Amino acid sequence: MKAVALLKAEKLSRQTGVFLPTVDQVMVEERAASFTKRSIKSGAKLAGLKLAVSMMDLTTLEGKDTPGKVAYLCRKALQPLDAKYDVPPCGAVCVYPNMVKYARRFLGEDSPVHVASVATGFPSGQMPLRTRLEEVRRAVADGADEIDMVINRGAFLAGDHALVFDEIAAIKEACGPAHLKVILETGELVTYDNVRVASQIAMEAGGDFIKTSTGKVAPAATIPVTLVMLEAIRDYFFATGIRIGMKPAGGIRNSKQALHYLVMVRETLGDDWLTPDLFRFGASTLVNDVLMQIVKAVEGNYQSLDYFSLP
């Protein structure tokens, strides 16, 4: 399987002119570990925490989702904390396609918070392409600004990278004006080499963002996997001049981890990527811990998590 992936990578490299190196596992994991040892203090920490809030996609993806629950999520995304703390709104709310119209209705047309929707048979991606395309078109018609699609991991692992590319390209076309985030589901791709190749395919096929995970499969986002994807984005930018966004999703649970990710983004891609337009967190369980740390930085003491509304 690994040999097939590398052969496909070489073919894709010849077609695009972009070199796809084999990932050095030891180096990636050592460098990733170094980011977890950084210490950020005082004013820089507070600024980083507020930036992290602006990059969060608050998400509800449950069978019991209701219009009221979606409205509640939108309200929190618009004002995550009391105005006196000067915390920016979140990047987006992410919902199932049938809930998009309710999020759009609550947020209005000119909201600073985007409406994102998972689609294409989330989380498995196993529905027929025609059905997946229709789901995307419906979500966009109902007001989605962003579509989070899942790739066909079965096709990828079977070596049919051309099919994966063609499906992403077709879904990108169906998105129309909406941005496309391509979910690789890295926990099922097994190797860093596979993650690197899948990242390249997603970018070449038209994805505006690449995203680690659905949050439904373990492991989800990890620092080493995210670093592999960030390096793919960096090399693609050097080759094409096109900036692709990054979204780690799942498994990021506290503010310390969030700050480690921001340090990694800055040191790998530079300050240009430290914006919600190019970096997002898919981690609803993260938001309250970050808000609690912001209150601590401002007030000098912690408040219980009971003081913060559920995401």
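All residue numbers refer to position in the chain's written sequence, counted from 1. Predicted model: local features are reported for residues with pLDDT of at least 70 only, side-chain atom pairs are reported and counted for 80 or more only, and whole-chain, interface and lining totals are derived from all residues. Only hydrogens and water are set aside when side-chain values are computed; all heavy atoms of the structure are taken into account.

### Comments concerning the packing of aromatic side chains
Where we set the bar: Pairing of aromatic rings covers Phe, Tyr and Trp, the last counted by its six-membered ring, and requires centre-to-centre distances within 6.5 Å; plane angles under 30 degrees mean stacked, over 60 mean edge-to-face, and any other angle means tilted. Each helix is a run of DSSP H or I of at least 4 residues and each strand a run of E of at least 2, with the numbering of both proceeding from the N terminus. The buried label goes to any residue with under 20% of its type's maximum accessible area, the exposed label to any with over 50%, and the partly exposed label to all in between, with areas taken from a 1.4 Å probe on protein chains only.
Evaluated as defined, the whole model comprises five aromatic pairs. Between Phe-237 and Trp-273, the aromatic rings sit 5.5 Å apart at their centres with planes inclined by 85 degrees, giving edge-to-face as the arrangement. Highlighted residues: Phe-237 in helix 10 (residues 223-240) and Trp-273 in the loop between helix 11 (255-269) and helix 12 (284-299), separated in sequence by 36 residues. Overall, Trp-273 belongs to the buried group, its relative accessible area being 3%. Ring plane angle 80 degrees and centroid distance 6.2 Å describe the contact between Tyr-261 and Phe-281, whose orientation is recorded as edge-to-face. Separated by 20 residues along the polypeptide, Tyr-261 in helix 11 and Phe-281 in the loop between helix 11 and helix 12 bring together distant segments of the chain. This pair shows no difference in class: Tyr-261 is buried, exactly as Phe-281 is. Three or more aromatic residues joined by ring pairs form one cluster here, namely Phe-237, Phe-238 and Trp-273.

### Some thoughts on the nonpolar core
The tendency in soluble globular proteins is for nonpolar side chains to be buried side by side. The condition is simple: Only buried Ala, Val, Leu, Ile, Met, Phe, Trp, Tyr and Cys residues count toward a nonpolar core, and they belong to the same one when joined by side-chain atoms within 4.5 Å. The contact criterion used throughout is that any non-hydrogen atoms of two residues lie within 4.5 Å.
Within the largest apolar cluster, 88 residues are counted, with the highest numbers of intra-cluster contacts made by Met-56, Ile-147, Ile-168, Leu-184 and Phe-281. Of the residues forming this core, the biggest block, nine residues, is contributed by helix 10. Here Phe-281 is in contact with Ala-52, Met-55, Met-56, Asp-57, Lys-247, Pro-248, Ile-252, Ala-258, Tyr-261, Leu-262 and Leu-286, once residues within four sequence places are set aside. Core analysis: the second largest hydrophobic core is formed by eight residues, Leu-61, Cys-94, Ala-116 and Val-118 among them.

### Topic: the packing of helix 2 (residues 25-35) against helix 10
Heads up, the rule is: Angles shown run from 0 to 180 degrees and are taken between the N-to-C directions of axes, each axis being a line fitted to C-alpha atoms and, for helices, limited to the stretch in contact. What sets the label is the angle itself: under 35 degrees gives roughly parallel, over 145 gives roughly antiparallel, 65 to 115 gives roughly perpendicular, and the rest give oblique. Three classes are used: nonpolar for Ala, Val, Leu, Ile, Met, Phe, Trp, Tyr, Cys and Pro, charged for Asp, Glu, Lys and Arg, and polar for all others, with Gly counted as polar.
Axis separation between helix 2 and helix 10 bottoms out at 9 Å; the angle between their running directions is 105 degrees. Comparing the axis directions of helix 2 and helix 10 gives the class roughly perpendicular. Note on element contacts: helix 10 touches helix 2 through Ile-223, Pro-224, Leu-227, Val-228 and Glu-231, opposite Val-28, Glu-29, Arg-31, Ala-32 and Phe-35. Class assignment for the residues of the contact of helix 2 with helix 10 results in seven nonpolar, no polar and three charged.

### A look at the state of the cysteines
The test is simple: Disulfide: a pair of cysteine sulfur atoms within 2.5 Å of each other.
A full pass over the atoms with the stated rule returns zero disulfides. With no disulfide partner, Cys-74 has as its closest neighbouring cysteine sulfur the one in Cys-90, 11 Å distant. Here Cys-175 is not disulfide-linked; the sulfur of Cys-94 is the nearest cysteine sulfur, at 13 Å.

### Quick look at the layout of surface pockets
It is a probe the size of a water molecule, rolled over the atoms, that shows where empty space is left. To keep things clear, this is the line we draw: Grid spacing is 1 Å over the protein atoms alone, the probe is 1.4 Å, and a cavity is where that probe fits but cannot get out, while a pocket is an open set with protein on both sides within 12 Å along at least five of seven lines and lining residues have an atom within 4 Å of a point. Grid points are joined across faces, edges and corners, and a volume is the space filled by probe spheres set on the points.
Reported here for the largest pocket is a volume of approximately 590 Å³. Every residue lining the largest pocket is counted, 29 residues in all, and those nearest its centre are Thr-59, Gly-282, Ala-283, Ser-284 and Thr-285. Listed by contribution, the elements that provide at least two residues to the lining of the largest pocket are helix 4 (67-78) and helix 12. With three residues, helix 4 is the largest single contributor of residues to the lining of the largest pocket. Split into classes, the residues belonging to the lining of the largest pocket amount to 14 nonpolar, nine polar and six charged. Considered as a void within the structure, the second largest pocket measures approximately 260 Å³ in volume.

### Focus on helix 12
What counts, and what does not: Multiply 1.5 Å by the residue count of a helix minus one, and that product is the helix's expected span.
Spanning 16 residues, helix 12 covers 24 Å between terminal C-alpha atoms, matching the ideal 22 Å at 1.5 Å per step. In this structure, the buried side of helix 12 is in contact with helix 3 (42-54), strand 1 (57-59), helix 4 and helix 11. Downstream of helix 12 by a residue or two, Gly-300 has a phi angle that is positive, lying close to 90 degrees.

### Concerning the confidence of the model for the protein
For the record, the criterion: Per residue, pLDDT measures the predictor's confidence, with a range of 0 to 100.
For the protein, mean pLDDT is 90; residues scoring 70 or higher make up 91% of the total. A low-confidence stretch, residues 1-9 (pLDDT under 50), is modelled with 13 contacts involving residues beyond four sequence positions or located in other chains. Segment residues 14-18: pLDDT under 50, and five contacts once partners within four positions in sequence are set aside and those in other chains are kept.

### A word on the pattern of salt bridges
Spelled out, the test is: Salt bridge, as applied in this entry: a Lys or Arg side-chain nitrogen positioned within 4 Å of an Asp or Glu carboxyl oxygen.
With the rule as written, the count across this model stands at 22 salt bridges. In this structure, Asp-57 and Arg-280 form a salt bridge, with 2.9 Å as the shortest nitrogen-oxygen distance. Of this pair, Asp-57 sits in strand 1 while Arg-280 sits in the loop between helix 11 and helix 12, and the two are 223 residues apart along the sequence. Note on Asp-57: relative accessible area 0%, which makes it buried. With a shortest N-O distance of 3.6 Å, Glu-299 and Lys-84 are connected by a salt bridge. Of the two residues, Glu-299 sits in helix 12 while Lys-84 sits in the loop between helix 4 and strand 2 (92-95), which places them 215 residues apart along the sequence. A residue is classified by how much of its surface remains accessible, and Glu-299, at 37% relative accessible area, is partly exposed. Among the residues examined, Lys-84 registers a relative accessible area of 60% and is labelled exposed. Three or more residues are tied together by salt bridges with common partners; here these are Asp-57, Glu-146, Asp-148, Lys-181, Lys-211, Lys-247 and Arg-280.

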